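# Structural characterization, general
Below, each chain spelled out in residue letters.
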Amino acid sequence: MAYKILMIDDDTELLKMLKKFLEIKKYEIITAGNGLEGLNKIKLQPDIILLDVNMPNIDGIEVCRRIRDKVACPILFLTARVDEQDVINGFSSGGDDYILKPFSLKELDARITAHLKREARRREKTECCFQGELSIAGSCAAVFLFYQNKLRKPMEELVQASKRIAENHLDFCISYENKDEMGELCREFEKMREQLARNNQALWRTVEEEKMLRAAISHDIRAPLSVLKGYQEMLMEYLPSEDINMEQAMEMLTESGRQIERMDIFVETMRKLSSLENRQLTPGIFLPDN
């Protein structure tokens, strides 16, 4: 029985190329053109998920967060984002691997195979240890409930708030509301935290806007490169052995030409933007029409 691969990417050309390659490798392929469609197709129970990060409306990081508790299969990010923080966000959201576009099809196939084998070993081990784990889980739950109800001391809110602010964690709220001296101190502390949070949000908004611009530029150039590289690999490997026929080869060459046109349009657009940025503004007198 063939393994099922769910591919979620808004680049239809990349999905088309990868589908051809993975079907040659005897996988059953499910495709989704955006994050919402991908969430709906999780019910098809894929064995592994290939997930793009930079998608409109619901990006890959959010998709991964939403499905991670619902599926145990490996999730591999295929993305043009190269910042270290993007890699960290991918793994923090529940991803199992992070592959940078453009990538080698042989490397992608090797990573998919490795993750599927690892998942098969994990399932086999889980079945063997299931009874023992049930007993351990029950004991741990009993200890945890006893600790929660009987042993845990009340937290000192101002001490915890000071620690969080020192670590630059401002997404919390002081809930102590008694009308006494401590309550007044907590309210003043909360005002200070809110102002710090507003200042922090303004700063990060600027940083995120710059990152989004860089990510968009990277995506527009790396996606067609991935398609070109993929078709080149398939032609070099499968045309001599006649795994693909001449009609399929011509179709791949035609699609490669379209990707070159995409890159030409992108380069021309960036040239025009650069020209606008370098244009000098000359002060003058504005005369309204009579």
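These numbers were taken from a predicted model, which means no experiment stands behind them.

### Topic: helix H3 (residues 60–67)
Of the residues making up H3, those classed as buried are Gly60, Ile61, Val63, Cys64 and Ile67. Looking down the long axis of H3, one finds its buried residues gathered within 160° of arc, a one-sided arrangement. Here the buried face of H3 lies against strand S1 (4–8), helix H2 (35–41), strand S3 (48–52), strand S4 (75–79) and helix H4 (84–92). With a side-chain oxygen lying 3.3 Å from the backbone nitrogen of Ile61, the N-terminal cap of H3 falls on Asp59.

### Considerations on the pairing of S1
Working note: regular strand, side chains alternate between the two faces of the sheet. The element S1 is extensively covered by neighbouring structure, given that 5 of its 5 residues are classed as buried. Residues Lys4, Leu6 and Ile8 line one face of S1 and the alternating positions Ile5 and Met7 line the opposite face, and both faces are buried. Strand direction decides the pairing type here: S1 and strand S2 (residues 28–32), joined by 5 bridges, are parallel. In the strand pairing of S2, Ile8 is matched with Ala32. You can see the chain leave S1, run along helix H1 (residues 12–24) and come back into S2, and the turn it takes is right-handed. Bridging between S1 and S3 involves 4 bridges; their strand directions are parallel. The residue bridging Ile8 from the neighbouring strand is Leu51, located in S3.

Reading the values: the criteria
- Residues numbered from 1 in each chain as written.
- Predicted model: local features only at pLDDT ≥ 70, side-chain atom pairs only at ≥ 80, totals over all residues.
- Heavy atoms only, no water.
- Buried < 20%, exposed > 50% of the residue type's maximum accessible area, 1.4 Å probe, protein only.
- Helix = DSSP H or I, 4+ residues; strand = E, 2+ residues; numbered from the N terminus.
- Arc of directions from axis to C-beta.
- Contact = heavy atoms within 4.5 Å.
- Polar contact = N/O pair within 3.5 Å; in protein donor to acceptor, adjacent residues only side chain to side chain.
- Pairing = 2+ DSSP bridges.
- Right-handed = clockwise from strand over helix to strand, strands pointing away.

All quantities given are derived from atomic positions and should not be read as evidence of function.
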